[in-house]
Amino acid sequence: MSVAQTESTLRDYLAALLNGGDFASFFSDDIVWTTMETGDEVRGREAVRDFILALHTQLFDASPEVRNVASGDGVAALEAVFVGKHTAEFAGVPATGTTVRLPYTVFYDVDGDRITALRAYFPMSALIHELQESAH
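Read on for a plain summary of the structure.

About the cut-offs
- Residues numbered from 1 in each chain as written.
- Predicted model: local features only at pLDDT ≥ 70, side-chain atom pairs only at ≥ 80, totals over all residues.
- Heavy atoms only, no water.
- Helix = DSSP H or I, 4+ residues; strand = E, 2+ residues; numbered from the N terminus.
- Rg over C-alpha atoms; globule rule 2.2 N^0.38 Å.
- Buried < 20%, exposed > 50% of the residue type's maximum accessible area, 1.4 Å probe, protein only.
- Contact = heavy atoms within 4.5 Å.
- Areas by Shrake-Rupley, 256 points an atom, 1.4 Å probe, with all protein chains shown as cover.
- 1 Å grid on protein atoms, 1.4 Å probe; cavity = no way out; pocket = protein on both sides within 12 Å on 5 of 7 lines; lining within 4 Å.
- Points joined across faces, edges and corners; volume = space filled by probe spheres on them.

Side note on the overall build of the protein
Point 1. When helices and strands are counted, the protein shows 3 helices and 6 strands.
Point 2. Overall, the protein shows an N-to-C arrangement of helices and strands of α-β-β-α-β-β-β-β-α.
Point 3. Relative to the compact-globule value of 14 Å for 136 residues, the protein shows a C-alpha radius of gyration of 15 Å, a close match.
Point 4. In terms of overall dimensions, the protein has C-alpha extents of about 50 × 25 × 25 Å along its principal axes.
Point 5. Of all 136 residues assigned to the protein, the portion counted as buried reaches 41%.
Point 6. In the protein, the proportion of contacts linking residues at least 24 apart, taken out of those at least 6 apart, comes to 54%.
Point 7. Roughly 6,900 Å² of accessible area belongs to the protein as shown, and the carbon and sulfur atoms make up 50% of that amount.

Next up, the structure:
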């Protein structure tokens, strides 16, 4: 594994994610998504793909605004802003139509051309609070 390979894999993954491509093709079969704030985990290529798609296309009409990407040997980090319109029930809050902007970070474990783990430092409680406030 090298820094160059890690950078290449993450760059190609982000291009697929941001442009509607097959981003899940960069996932290992046993990939694990962990939401660090809650400890919730999603396991497996299809389940992680479906979770990311639901967040960006079903629960919210959303896209990340990428701020920074850093890569090391087998590990990478993304700093971004989640920008999305709340379009379906999320965490018990019916769709509000509210547009949210929340900064977040994801750390990726990369093995060759596959991502094996994502650790998302995403402010779920802040998101839910903002949606609850806009629902009232």
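Considering the environment of Ala-62
Point 1. By the element assignment, Ala-62 lies in strand E3 (residues 60-71).
Point 2. Expressed as a C-alpha distance, the spacing of Ala-62 and Gly-74, which sit 12 residues apart in the sequence, is 28 Å.
Point 3. Apart from the residues lying within four places of it in its own chain, the contact partners of Ala-62 are Leu-55, His-56, Phe-82, Val-83 and Gly-84.

Considerations on the layout of surface pockets
Point 1. Put simply, the largest pocket is a space of about 170 Å³.
Point 2. Considering the residues around the largest pocket, the lining is formed by 13 residues, among which Leu-17, Gly-20, Leu-53, His-56 and Thr-57 are closest to the centre.
Point 3. Residue assignment for the lining of the largest pocket shows that the elements contributing at least two residues are helix H1 (3-18), helix H2 (45-58) and E3.
Point 4. With 4 residues, the single largest contributor to the lining of the largest pocket is H2.

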